[in-house]
Structures are given as structure tokens and as C-alpha cells.
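Fold and contact review
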There are 2 protein chains.
Amino acid sequence: MNSQAVEDYLKAIYKLQSSQSMVVTSALADHLKVNPASATGMIKKLADSNLVSYERYQGVKLTPPGEKIALEVIRHHRLIELYLAEALNVPWDQVHDEAEKWEHILSEDLEDRIDKILGYPTTDPHGAPIPSRDGNIEQRNTNLLSELTQGDNAIIVEVSDDDTDMLRYLGKLELYPQTNIQIISISPFDQLITIRIIPNKDSNNDFVIGQKVASSILVSKLEED
Amino acid sequence: MNSQAVEDYLKAIYKLQSSQSMVVTSALADHLKVNPASATGMIKKLADSNLVSYERYQGVKLTPPGEKIALEVIRHHRLIELYLAEALNVPWDQVHDEAEKWEHILSEDLEDRIDKILGYPTTDPHGAPIPSRDGNIEQRNTNLLSELTQGDNAIIVEVSDDDTDMLRYLGKLELYPQTNIQIISISPFDQLITIRIIPNKDSNNDFVIGQKVASSILVSKLEED
DNA sequence: ACTAAACTTTAGGCGCACCTAAATTTTAGT
DNA sequence: ACTAAAATTTAGGTGCGCCTAAAGTTTAGT
Ligand SMILES: [Mn+2]
Ligand SMILES: [Mn+2]
Ligand SMILES: [Mn+2]
Ligand SMILES: [Mn+2]
């Protein structure tokens, strides 16, 4: 069995691979809040087990077996998050921490039972896709909300799930996955974004977010009509 | 935070204390499937933290703080077992292993949510009492089924929860907690016990169990009428 | 009371996953 | 091309929880 540490490293590498194609030691160490020297140690272990390919001083990449394990753990994580939210009414800003622990001990049998009870869901409470049992994950074409320009219409696809305070804030603004939004304006210098949630007809409920918040939201652009 | 190992030791000591008032190193080592030398090492650690009182060569006893932690973990274990059985249809012979892992990472918040959804239950699927949040546990007056004599009527209170095969067997015999039984006869030499489940009126469905099975069942004697 | 068996503890080690400090390699600026 | 800064790896060490082997203590039988 893979240790919790191994699973967390593989998961982190998977996540970081979406931005950098080769994950660099310091990025991994930052993400996992360990010392770079510790990350190097684990990287060597993972490379020995053929879970990552590793070039000294250059960084790591998941091998197919490493990616398989990462996706398995991510599937656990997201199914658990959704289950906690749906079945146990855990608020969406708290499901992540609970899932972070439970994901490592969930049995395949219980995974299947949860999957079934949820009706074989495809996304978690933050909009992230749930990998299938055999390790496939939906690839989507998304933009950061911070990349949109004035007048754009978009639907929120996913929000980052690991910052409790951010999630609570987004909840207060009602910026959930599946919400339709329009970019009313973007201010000069600070790039403050004025947003309207789309059923709203006038500017009464428009609000402003900054770049930090806007770059934690993934959207899919809608065609103008 | 207490490690999983510490929690498992305290739980084991609690369980063993019900039979021996001072828990001896080898009993603990047997129960936890570790080497006696390892148990000694952990015992010294627990004694240093004031979770057990320890006399060299004589054995250990839980202190009040140690018992509090043990009951907390047992509460987790039993709530989880019941939740898995009720909400996720996990068979009663499989809930134990899942709970054994989950009990150590369950948050107090999720514990409360599960407790509430189950309607503040008092016993787990095997009939064992669930300690209250503040660490009280119901004391019951029970006998082993193996201690009963011919003609006795009794109600099954609890069955031991940690042997999957035994539980599957008991399930097949329909010997669940709350089942009323009568001791029809006990054979000489082997002490084989012929049992009738009480709604049954004649001997058609009587069956025989041996001492191993009979001593894994806790009962409460019923007065004759 | 003595002794042998049974039990328990001590001594010494191991693997895991982390750390700090020092050495090495890469990188980026001039 | 050279050098200083940044990143990475190596070296050496820690705590945890386990192990085996050896030494010490209790126990039970004679
Ligand atoms: Mn994790
Ligand atoms: Mn999520
Ligand atoms: Mn356990
Ligand atoms: Mn139980």
C-alpha cells in the first residue's frame, strides 16, 4: 500500500503539472509545506518506484503508473467532498480538509457505495471533475475569470477548493459553479472587475472583485447573442 | 494530537480491562499483534504522558485522561460502524475494518453531524453501547451465552465485532442483537448448545452452536414465566 | 527453598518522513 | 564569459513505532 505521504506527493505533482510540464522541486515543496530537501528525498523514492520520471536538478513528471495513483486519490477526494456536502450537509468550505484525510483510507468497496448513492456524479462541490474508476478525467477548455474582458459572458466552471476563507467569501457572493456572470467593467491600474450575476437585469446587485479572487475562479466563455 | 498508534493502544487497554483489572504486557501485545517489546516501549510512552499507570512487570491501567481518550475513539468507532451500516448499506461484518481506520481521523464536527443524522443512537450494529460525547458509557449486566443453562431464556445484547467470519456466520444463523433465544439443551462432554429463536414454536428450526461461537455472544437473561 | 519456564524489559537496529546546514549545480545579469 | 544569486541535492540527524536478541524478573512446580 502507498503511504499517505506518497499519495499526497503524487497528487501535488499532478496538480502542478497542469501549469508547468516539469514540476520543479521547490514548487512541490511549497505546495506540500515541506523543506525542499525533504521533497528531494521523496522524489528519489518515487523515481525508484517508477512513479515519477526524474532528472536531477530539472524536476519530475508523473509516469503512467504514478498518474494512475494520483487520479485514484483525486477521485477519492472529490467523491468524498461531494458526499460530505450532499449527505452530511458539511459546508463547501469545510469539505476539503475532511476529504484530505479520508481520501487515503477509503476502501474501494466504500468508494463504490458512495459513488452509487450519489448517482455516479461527474463533478465535486467546487466544480472539479471526478475521475472515473478506471482513471479517466474530463479535459475542459476553461479560462481564469481574471482573463475575461469587459462585456464577456461566462459560466463559472470551477473554483479552487483548498482555501476555506476564499470559499466562504465566494459563497457569500454566490459565485458557485454553474452560475452565469457578465463582466460589466474592468478598472484601470488595479484591474478591479465589476460582475453581474446573470439573472439580474440591472446594476443594483453588481459587485466588484480583485485579481486574487478572480484568478481563483475558472470559467467557460459564452458566445454573445 | 494523539497518533493512531496511541489511540489503538488506549482502546485495546480499555477493552482488556473489562476482563483483567490490570492489563498485562503480553495480552496487549497479542491484541495489537505487535511484539511484547514494542508494547513495553509504547507503555512507557503512555505512562510518561500520564495516560496509563504502569508498574514494571505488573501491567497497566488507564488513568482518567487515558480512559477519556479511549472512550472518545470508541465513540467514533461505533458511530461510524452504525453510520456505514445504516447510510451506506455496508454489511455488519465489514463495518469494523472500515471504522478501524476512520475512527482516527473523524473530526468532532463530522462526529456530531453523523450522530444527529442517526438520531443520537445508543448502540452500534453489534449491540455495543456508544459512549456519549462527554465520555459516559452504559454499564450493562450481561452473561456470555456460553454461561447459560438448559431452559434459560435470554435476549442477545451484543456480539463481538472484530471477527468478520464469525459475524457472517452469526448473520446466517440470524443471531442479531435484540433476538430472543431459548437454550433447548446442552450436550455432555462437548457442551454443544441447542438454541431456539423465540418466535419459533417447535424444534423445526432449532440449531446447535459450540463453545467458541457461544462465548462470542453476550446475552441478558430473561425471567421465566 | 530452588529451579525452570514464562513473561517482561532493555539494548540495539530499521524504515519512514521530516528537519537543518553545507555542498553542488543551474540561472540570470553584466 | 564570468559571477552572484537562486535552486537543488547531499550529509547528517530526529522522532515514531516497529523488530530481534539478550538480559532481567516473576511464577509455578517440585
Ligand atoms: Mn491528503
Ligand atoms: Mn473540490
Ligand atoms: Mn484503529
Ligand atoms: Mn461494533
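Before reading on, note that the structure itself is shown above.
Residues numbered from 1 in each chain as written. Chains lettered and ligands numbered in written order. Predicted model: local features only at pLDDT ≥ 70, side-chain atom pairs only at ≥ 80, totals over all residues. Heavy atoms only, no water.

1. Quick look at the interface of chain B and chain A
- At the interface, 19 residues of chain B touch 19 residues of chain A.
- Buried surface at the junction of chain B and chain A, both sides included, amounts to about 1600 Å², of which 60% is carbon and sulfur.
- On the chain B side of the interface with chain A, the three residues burying the most area are B:Leu88, B:Ile105 and B:Arg113, jointly 34% of the side's total.
- Put simply, chain B and chain A have zero salt bridges between them.
- Our count for the chain B to chain A interface comes out at seven residue pairs in polar contact (both at pLDDT 80 or more).
- Broken down by secondary-structure element, the contributors of at least two residues to the side of chain B that touches chain A are helix 4 (64-88), helix 5 (95-102) and helix 6 (108-117) of chain B.
- The element contributing the most residues to the side of chain B that touches chain A is helix 6 of chain B, with five residues. (Contact = heavy atoms within 4.5 Å. Buried area = accessible area lost by both parts, 1.4 Å probe. Salt bridge = Lys/Arg side-chain N within 4 Å of Asp/Glu carboxyl O. Polar contact = N/O pair within 3.5 Å; in protein donor to acceptor, adjacent residues only side chain to side chain. Helix = DSSP H or I, 4+ residues; strand = E, 2+ residues; numbered from the N terminus.)

2. Some remarks on the coordination of the manganese ion (ligand 1)
All names here are of chain A.
- Listed as protein donors to the manganese ion (ligand 1) are Asp8 (OD), Glu100 (O), Glu100 (OE), Glu103 (OE) and His104 (NE2); their distances from the metal cover 2.2 to 2.7 Å.
- All donors of the manganese ion (ligand 1) belong to a single chain; written as a sequence motif, their spacing is D-x91-E-x2-E-H.
- A relative accessible area of 21% places Glu100 in the partly exposed class.
- The class of His104 is buried, set by a relative accessible area of 15%. (Donors = N, O, S within 2.8 Å, 3.2 Å for Na, K, Ca; no water. Buried < 20%, exposed > 50% of the residue type's maximum accessible area, 1.4 Å probe, protein only.)

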